Structures are given as C-alpha cells and as structure tokens.
Amino acid sequence: MRIFIASLQRAAADGIFIFFQRTTGGIAGGSEITSGMDREKTLIQMAGSLLLVTVVFFGWRWLASPSMPSPSSLAGIALSNTPESVAASLKLTTFGKPAARYMRQVLAESTAPEVRSLMIHGLTQLYDFPSVEAFLDGLNDPSPLVQGGASKAVETLLGMRVSLDDPPEQQAIAITACRKRWENMRKFPRIQKKIAEQSAQ
C-alpha cells in the first residue's frame, strides 16, 4: 500500500513538472507560441495533475491507515475497563444492526455506567426488543446515567414513561406497570417474530 501511495506521489510530481515546463518553456527558451490544441492539452494535463495531487494529499492517510476495528474487538475494549472503553463503546454504537449482539453483551457484562448508558442508547436507536428486559432492569440501576437511558428506552419501545423525578414508591409502581405491559406485548406474534429476527443478528 505504501508503494502504491509513493507511486501516486511521484506521478503527481511528474505531472506538475511537465505542466510548468510546457507553460514556461516558450517564454524562457524562446520557442514558438503554443498552438490552441497544445494549450488545450496542457490545460487537461494541468487539471489531471491537480486532481492527482488532491487525491494523494487527502487520501494517503485513508489508504495508509489500518483497517477499522471490528464490532467484536470494540466490544472487547469496551469491557476492558480502560480509558479507551468509553471511546470504543461510542464507536461500537455507530455500526448499527451488525453490532447489536455485541452491544447486548457489553450492556450485560460491563460495570461502567458510562459504557452501559451508551449501549442502552445504541440499542434504543435500533428498537432492539431483545434488550427490553435489560432496559427494565436499568430502571433500578444505582447509576442515574443508566436510569435515564433506560427510562428513555422504555418510553421508546413500550410507550410508557417512568419519571425519575417521582418518589421511589411511584417509580416502583410505574416500573411494575412497564413490566406488565412488556409481558402482554411479547405474547403478540409480531413481537415474537421481531425478537427472533433481532436475536439472530
């Protein structure tokens, strides 16, 4: 890959050299005036050279950079409890459906509230019904960060709101009602099919 990039760079440099040689040669060397056809050809060469320079300048980092981490490797970093865990978790959520099972794993195994909150957000964006039980459990999480994400997730998937500003007794009643709603919802064939399809992803 580096050899390919170096070749592009040499080609771009050669193209620029030819352009300036042709456009300045007539003035410096006293040669005859460039004809209209030669001028058009020179302009085409100039445009091609500049395009090649642009590709090399902006694309070499992309071509030389290592491949993007897989969802599996990002999940491993997210669970490592290192300074990179949160960044890896955020990156994991950008993969969408292909990363759903890894997000579920991280949500189930991580002890970091920031990481778990990101997983809840990512799975909520996917309307991930296999995660509803985890969302309901998150409503009782000691971390307000996780509780807030779980509350939004339950509201999105079940259509029921649990206010974290309510007294604990009222929150408990609301959570019980959410669990009851989910028990009823999961009996519908459409929801069962959705759970099966998403679990297989």
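From a predicted model like this one, the values you see are computed outputs, not experimental measurements.

S.K.: Could you clarify how one ought to interpret the packing of helix H5 (residues 100-109) against helix H6 (residues 113-125) in this entry?
M.R.: Any two packed helices are characterised by the angle at which their axes cross and by the distance between the axes. Where H5 meets H6, the axes come as close as 9 Å, and the angle between the chain directions of the two elements is 145°. In this structure, the crossing between H5 and H6 has a hand that is left-handed. On the side of H5, the interface is formed by Ala100, Met103, Arg104, Val106 and Leu107, while H6 contributes Val115, Arg116, Met119, Ile120, Gly122 and Leu123. Among the residues forming the contact of H5 with H6, the class breakdown is eight nonpolar, one polar and two charged.

S.K.: Which parts of the structure should I look at to understand the nonpolar core?
M.R.: Soluble globular proteins tend to pack their nonpolar side chains together in the buried interior. Judged by nonpolar contacts, the single largest core of 38 residues is most densely connected at Leu92, Phe129, Phe135, Leu136, Leu158 and Trp182. Secondary structure elements with two or more residues in this core: helix H3 (71-78), helix H4 (85-93), H5, H6, helix H7 (132-138), helix H8 (144-158), helix H9 (168-185) and helix H10 (189-199). In terms of residues, this core owes the most to one element, H8, which gives six residues. Ignoring any residue separated from it by four or fewer positions in sequence, one finds Phe135 in contact with Leu107, Ile120, Leu123, Thr124, Asp128, Ala150, Ala153, Val154 and Leu157.

S.K.: How should the pattern of salt bridges be read in this particular structure?
M.R.: Between side chains of opposite charge, a pair can form as their charged atoms come close. Counted according to the given criterion, the structure contains five salt bridges. A salt bridge links Asp128 to Arg104, with the nearest nitrogen and oxygen atoms 2.8 Å apart. Here Asp128, found in the loop between H6 and H7, pairs with Arg104, found in helix H5; they are 24 residues apart in sequence, far enough to count as distant. One exposure class covers both Asp128 and Arg104, and it is buried.

S.K.: It is not clear to me how the packing of aromatic side chains should be interpreted in this structure. Could you clarify?
M.R.: Each pair of aromatic rings is reported with the distance of its centres and the angle of its planes. Scanning all chains against the criterion turns up one aromatic pair. Aromatic pair Phe129 and Trp182: ring centres 6.2 Å apart, planes at 10°, arrangement stacked. Here Trp182 lies in helix H9 and Phe129 lies in the loop between H6 and H7, a separation of 53 residues in the sequence. For the pair shown, Phe129 and Trp182 are each scored as buried.

S.K.: Looking at this model, I keep getting lost on H6. Mind explaining?
M.R.: Each α-helix turn comprises 3.6 residues. Residues three or four places apart therefore point the same way. Taking 1.5 Å per residue, 13 residues should reach 18 Å; H6 reaches 18 Å between its end C-alpha atoms and fits that length. Within the span of H6, buried status applies to Val115, Arg116, Ser117, Leu118, Met119, Ile120, Gly122, Leu123 and Thr124. Tucked into the core, H6 has its buried residues touching H3, H4, H5, H7 and H8.

S.K.: Looking at this structure, I do not really get the packing of H6 against H8. What am I missing?
M.R.: Axis separation between H6 and H8 bottoms out at 8 Å; the angle between their running directions is 10°. By the angle between their directions, the pair H6 and H8 is classed as roughly parallel. Two secondary-structure elements touch here, H6 through Pro113, Glu114, Arg116, Ser117, Ile120 and Thr124 and H8 through Leu145, Val146, Gly149, Ala150, Ala153, Thr156 and Leu157. Residues that form the contact of H6 with H8 fall into these classes: seven nonpolar, four polar and two charged.

Each value, and the rule that gives it
Residues numbered from 1 in each chain as written. Predicted model: local features only at pLDDT ≥ 70, side-chain atom pairs only at ≥ 80, totals over all residues. Heavy atoms only, no water. Axes fitted to C-alpha atoms, helices over the stretch in contact; angles between N-to-C directions. Helix = DSSP H or I, 4+ residues; strand = E, 2+ residues; numbered from the N terminus. Left-handed = near helix turned anticlockwise from the far one by under 90°. Contact = heavy atoms within 4.5 Å. Nonpolar A, V, L, I, M, F, W, Y, C, P; charged D, E, K, R; others polar. Core = buried A, V, L, I, M, F, W, Y, C linked by side-chain atoms within 4.5 Å. Buried < 20%, exposed > 50% of the residue type's maximum accessible area, 1.4 Å probe, protein only. Salt bridge = Lys/Arg side-chain N within 4 Å of Asp/Glu carboxyl O. Phe/Tyr/Trp six-rings, centres within 6.5 Å; stacked < 30°, edge-to-face > 60°. Expected span 1.5 Å × (residues − 1). Parallel < 35°, antiparallel > 145°, perpendicular 65-115°, else oblique.

Structural measurements only, silent on function.
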